[in-house]
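Analysis of the macromolecular model
Spelled out, the chains give:
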Amino acid sequence: MKCIDEKRVVECYHKQKDTVFKLAYSYCKNRSQAEDAFQEVFYKFMVHNPKFKSAEHEKAWFIRTTINVCKDFLRIKWNRDIVRLEDWDRGEEAFQNGGDVFDELREAILELPEKYRVPIHLYYYEEYSVHEIAHLLRRTESAVSTQLQRGREKIKQNMERSGKHEAESRYLRRSYGKCEVIGRQRNEAAR
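Below: a short report on this structure. (Residues numbered from 1 in each chain as written. Predicted model: local features only at pLDDT ≥ 70, side-chain atom pairs only at ≥ 80, totals over all residues. Heavy atoms only, no water.)

1. Some details on the packing of aromatic side chains
The following threshold applies: Ring pairs are drawn from Phe, Tyr and Trp, using the six-membered ring of Trp, whenever the two centres fall within 6.5 Å, and their geometry is named by plane angle: stacked under 30 degrees, edge-to-face over 60, tilted for the rest. The buried label applies to any residue whose accessible area, calculated with a 1.4 Å probe on protein chains only, is under 20% of its type's maximum; exposed applies above 50%, and partly exposed to all values in between.
For the structure shown, the criterion picks out twelve aromatic pairs. Between Phe45 and Phe52, the ring centres sit 6.3 Å apart and the planes meet at 0°, which makes this aromatic pair stacked. Both residues of the pair, Phe45 and Phe52, belong to the buried class. The rings of Tyr13, Phe38, Phe42, Phe45, Phe52, Trp61 and Phe62 are connected pair by pair, giving a single aromatic cluster.

Here it is as structure tokens:
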């Protein structure tokens, strides 16, 4: 193991902890696996002690490492076969003041297949551009754009299928680092 700069580890931990945990949870859909992945990512950071060219490079390293760790966790048969008993806590720091609409949106996002869920998370929660997501996920920009569009459509279908908001459709909008739900006014009814 390389010489560890404790101050650097603590600094990176405080800067990247939310991103790593949210992405791990989004990927694994399980709090305990997300916590394990979180620990594994920071363990890898301490063991490899990578040098970063910029803050963007640092964040990209943490995102790519988190994705790889989560993929490794999900490949293990035991992790695929366990019964998930926990729910995502309403008091989760990432979704404070979320309310029912955000709970419903979160559930709709977590129901998405991985290929849609991860780009949605990176675009709306981490504010990455389509180009940056394509680079991080090693996909083409057109594939990422298509996955974002299809993911939004599936979220809309999931939320409409829930029957809780039949009167209005819900859409995602990128705004100030948060994923907002915007209710479309009942234009169709007025027309």
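2. Some remarks on the side chain of His121
Let me state the cut-off plainly: By definition, any uninterrupted DSSP run of H or I lasting at least four residues is a helix, any uninterrupted run of E lasting at least two residues is a strand, and each is numbered from the N terminus. Two residues form a contact once any of their heavy atoms are found within 4.5 Å.
Of note, His121 is situated in helix α6 (residues 114-125). Leave out the neighbours within four places in its chain, and His121 touches Lys22, Leu23, Ser26 and Glu126.

3. Quick word on helix α3 (residues 55-75)
Under the convention used in this document: Each residue after the first adds 1.5 Å to the expected span of a helix.
Here α3 spans 30 Å end to end across 21 residues, near enough to the 30 Å set by a 1.5 Å rise per residue. What α3 keeps buried is the set Glu58, Ala60, Trp61, Phe62, Ile63, Arg64, Thr65, Thr66, Ile67, Val69, Cys70 and Phe73.

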